[in-house]
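If you want the building blocks of each chain, they are given just below.
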Amino acid sequence: MKIDSHQHFWKYNPVKDAWITEEMKVIQKDFLPTDLKPLLIENQVDGCVAVQADQSEKETRFLLDLAKDNDFIKGIVGWVDLCAENIDERLEYFYKYKKLKGFRHIIQAEEDLDFMLSEKFLKGISKLEKYKFTYDILIFPKHLENAAKLVERFPNQNFVIDHLAKPDFKNKEFNEWEKGIKAIAKYPNVMCKVSGLVTEADWNNWTVTDFTYCLDVVTEAFGIDRLMFGSDWPVSLLAASYADSCDIAEQYFSKFSKGDQDKFWSRNAINFYQLHE
């Protein structure tokens with residue numbers, strides 16, 4: 001069994017999706033379940049977790065509506081304003097949606113490096129455990145030090161780092177990243193997604209071996225029980241096909257035992273996001 005723990009859907013809007021720049025023309029269009037389903041079948045992926053790309057509750061409801069009509073969408077990582085005064089009320093509201101498994105905020109886009117340690121954000125994070133919601137950490141290497149402080153405060157909260165925290169594959173500058181990723185991996189309540197690799201590499205000239213060093217680092221730091229596969233489709237199309245994204249992971253993890261491969265490809269994501277509920 002295979003689960004894609006990280007992909008996105010959107011109806012492209014040049015204003016809402018201003019982050020999709022001109023050099024990203026290949027993804028300046030709609031990406032919906034009808035586009036993904038054949039790719040999942042072709043690559044023998046049984047289901048996926050759809051993750052927010054826009055910071056609005058409207059986005060969360062959009063993804064929930066898609067999941068309602070498409071059984072292969074096993075879970076949703078939505079968005080809610082974690083800094084809101086009425087955060088309890090909003091979490092209570094969203095708790096009734098069984099496919100909504102957790103939330104994410106685009107911390108990498110915040111100008112304030114200390115955003116995730118602000119009083120309001122910490123208060124919001126502190127409420128998630130009560131509702132058994134997970135939290136996806138979307139950051140750059142420069143944020144890892146603060147991310148470690150965040151996860152240390154909430155030892156019972158389940159966190160997952162998206163895209164290995166975006167090591168700089170393009171320039172092969174891994175010192176800050178390696179130090180930070182090893183430090184945060186020491187906290188047992190944190191997992192890591194092997195996702196979004198190609199978009200941090202040279203889009204036109206990457207090779208599978210570009211990712212080996214960082215995959216070695218996270219595999220040793222987190223262990224196979226805390227890693228999960230994600231495609232980051234359709235953002236990944238900037239540099240690779242869906243099959244290519246799968247192949248990078250296939251080649252690296254093929255040397256692991258059948259049981260460990262099952263953990264990486266499905267069991268870890270199923271357990272983390274409670275996809276059997």
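The coordinates are above.
All values derive from a computational prediction rather than experimental measurement.

Draft legend 1. Examining helix H3 (residues 87-94) more closely. If you check which residues of H3 are buried, you get Ile87, Arg90, Leu91 and Phe94. Down the axis of H3, the smallest arc covering the buried residues is 95 degrees, so these residues share one side. In this fold, the buried residues of H3 make contact with helix H2 (57-69), strand E4 (100-105) and helix H4 (119-128).

Draft legend 2. Up close: the layout of surface pockets. Approximately 540 Å³ is the volume attributed to the largest pocket. Residue lining of the largest pocket: 27 residues in total, with Trp19, Gln108, Leu138, Lys166 and Val235 positioned closest to the centre. Across the lining of the largest pocket, the residue classes tally to twelve nonpolar, seven polar and eight charged.

Draft legend 3. Spatial organisation of the side chain of Asn70. With respect to the helices and strands, Asn70 occurs in the loop between H2 and strand E3 (73-78). Non-local contacts of Asn70, meaning those with residues more than four positions away in its chain, are made with Pro33 and Lys99.

Draft legend 4. Highlighting empty space enclosed by the protein. Scanning the model with the defined rule gives one cavity of 30 Å³ or more in all. As a volume, the largest cavity reaches approximately 80 Å³. What lines the largest cavity is simply Val194, Ser195, Gly196, Leu197, Val198, Phe229, Gly230, Ser231, Ser236, Ser245, Ile248 and Ala249. If you tally residues by element for the lining of the largest cavity, the top one is helix H8 (residues 242-253), at three residues. Partitioning the lining of the largest cavity into residue classes produces six nonpolar, six polar and no charged.

Draft legend 5. Focus on the pattern of salt bridges. Going through the model one piece at a time under the given rule, you end up with 17 salt bridges. Here Arg90 and Glu57 are joined by a salt bridge, their closest N and O atoms 2.7 Å apart. A residue pair is termed long-range when its members are at least 10 positions apart, and Arg90 in helix H3 and Glu57 in helix H2 qualify at 33 residues. In this structure Glu57 comes out as buried when scored by relative accessible area, which is 18%. The residue Lys263 makes a salt bridge to Asp260 at a minimum N-O spacing of 3.8 Å. Pair noted here: Lys263 and Asp260 are both in helix H9 (residues 258-273), with a separation of three residues, about one helical turn.

Draft legend 6. Region of the structure containing unusual backbone geometry. For the bond running from Trp233 to Pro234, omega is 0 degrees, close enough to zero to count as cis. Structurally, the position occupied by Pro234 is in the loop between strand E8 (227-229) and H8. The backbone of Lys132 shows a phi angle near 60 degrees, a positive value even though the residue is not glycine. Position of Lys132 relative to the elements: it lies in the loop between H4 and strand E5 (134-137). Residue Lys132 is classed as exposed on the basis of its relative accessible area of 71%. Despite not being glycine, Gln274 shows a phi value in the positive range, around 50 degrees. Of note, Gln274 is situated in the segment after H9. On the basis of relative accessibility, which here comes to 30%, the residue Gln274 falls in the partly exposed class.

Draft legend 7. Local environment of the pairing of E4. Among the six residues that make up E4, six are buried, leaving the element largely enclosed by the rest of the structure. Pairing geometry for E3 and E4, over three bridges, is parallel. Looking at E4, one finds that Gly78 is bridged to Phe103. In this structure, E4 lies alongside E5, joined through four bridges in parallel fashion.

Draft legend 8. The arrangement of the nonpolar core in detail. Of all hydrophobic cores here, the largest spans 86 residues; its most connected members are Trp177, Ile181, Ile184 and Phe222. If one sorts the elements of this core by residue count, H8 sits on top with six residues. Ile181 has contacts with Leu144, Ile161, Leu164, Ala165, Val217, Val218 and Phe222, leaving out every residue within four places of it along the chain.

Rules behind the numbers
Residues numbered from 1 in each chain as written. Predicted model: local features only at pLDDT ≥ 70, side-chain atom pairs only at ≥ 80, totals over all residues. Heavy atoms only, no water. Buried < 20%, exposed > 50% of the residue type's maximum accessible area, 1.4 Å probe, protein only. Helix = DSSP H or I, 4+ residues; strand = E, 2+ residues; numbered from the N terminus. Arc of directions from axis to C-beta. Contact = heavy atoms within 4.5 Å. 1 Å grid on protein atoms, 1.4 Å probe; cavity = no way out; pocket = protein on both sides within 12 Å on 5 of 7 lines; lining within 4 Å. Points joined across faces, edges and corners; volume = space filled by probe spheres on them. Nonpolar A, V, L, I, M, F, W, Y, C, P; charged D, E, K, R; others polar. Salt bridge = Lys/Arg side-chain N within 4 Å of Asp/Glu carboxyl O. Pairing = 2+ DSSP bridges. Core = buried A, V, L, I, M, F, W, Y, C linked by side-chain atoms within 4.5 Å.

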